[in-house]
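Summary of the model geometry
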Amino acid sequence: MTPYIYDALDKALIAELRKDGRASISTLATTLNVSRGTVQNRLDRLLSSGAILGFTVRVHQHIETEAVRAIMMVEVVGKSTSQVIKTMRGIPELTKLHTTNGAWDLVAEIQAANLSEFDGVLRQVREIDGILNSETSILLSST
């Protein structure tokens, strides 16, 4: 079996689905300027290849009272910032990603359903090529 190689259209489709996971095939086709059949074929391949693991809903933080929220500071090796950002954008629990100055290159906001999911997110980030170091702080309360 030949591995599926993701291209710019696949990445654009994933980006659109991250904005609105309920977008119709027709809407996605119009936004991406391709045919409905192309979107459907790409979506089928992304699902079967494991690039898209499923679809989810984002809920207002006041509803998710058991959610674990955190801030992660990330140090990137050399000139790999763009690639690290692209990879990190594919992790749905990373709700926001900021470039910054100082000791850390990136700051990520994390929201996970529970500690187990939070641990999985940390593990996933640590495995990204180009990340040298990270520091994460769980947010206990907000005022």
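Going by the annotation in an unreviewed UniProt entry, the name recorded for the chain is Transcriptional regulator, asnC family, with Pseudoalteromonas translucida given as the source organism.

Once that is clear, we can look at the pattern of salt bridges. The final tally for this structure, using the stated rule, is four salt bridges. Note that Asp 119 and Arg 123 form a salt bridge whose closest N and O atoms lie 2.7 Å from each other. Here the residue Asp 119 and the residue Arg 123 both occupy positions in helix H5 (residues 115-126), the gap between them amounting to four residues, near one helical turn. Several salt bridges converge on common partners, so that one network encompasses Asp 7, Asp 10 and Arg 42.

On to the domain arrangement of the chain. When its domains are assigned, the chain resolves into domain 1 (6-47) and domain 2 (66-136). Each of domain 1 and domain 2 has a C-alpha centre, and the two are 25 Å apart.

The next point concerns the nonpolar core. Formed by 20 residues in total, the largest nonpolar core has its most connected members in Met 88, Leu 94, Ile 110 and Val 125. Secondary-structure elements contributing two or more residues to this core are strand S1 (68-76), helix H4 (81-89), strand S3 (106-112) and H5. Of the residues forming this core, the biggest block, five residues, is contributed by S1. Residues within four places of Met 88 in sequence aside, it is in contact with Val 74, Leu 94, Leu 97, Leu 106, Ala 108, Val 125, Ile 128 and Ile 131.

Alignment of S1 against S3, held across seven bridges, turns out to be antiparallel. Within the sheet, the bridge partner assigned to Val 68 lies in S3 and is Ala 112. Pairing between S1 and strand S4 (residues 131-138): seven bridges, direction antiparallel. Across the sheet, Met 72 pairs through a bridge with Thr 136, a residue of S4.

Attention shifts here to the environment of Thr 136. Among the structural elements, Thr 136 can be located in strand S4. As a C-alpha pair, Thr 136 and Ala 51 span 85 residues in sequence and 26 Å in three-dimensional space. Excluding residues that lie within four positions of it along the chain, Thr 136 makes contacts with Ala 70, Ile 71, Met 72, Ile 110, Phe 118 and Leu 122.

This next bit is on unusual backbone geometry. One non-glycine residue, Asn 33, adopts positive backbone phi at about 60°. The class of Asn 33 is exposed, set by a relative accessible area of 72%.

Analysis parameters
Residues numbered from 1 in each chain as written. Predicted model: local features only at pLDDT ≥ 70, side-chain atom pairs only at ≥ 80, totals over all residues. Heavy atoms only, no water. Salt bridge = Lys/Arg side-chain N within 4 Å of Asp/Glu carboxyl O. Helix = DSSP H or I, 4+ residues; strand = E, 2+ residues; numbered from the N terminus. Domains from an automatic or database assignment. Core = buried A, V, L, I, M, F, W, Y, C linked by side-chain atoms within 4.5 Å. Buried < 20%, exposed > 50% of the residue type's maximum accessible area, 1.4 Å probe, protein only. Contact = heavy atoms within 4.5 Å. Pairing = 2+ DSSP bridges.

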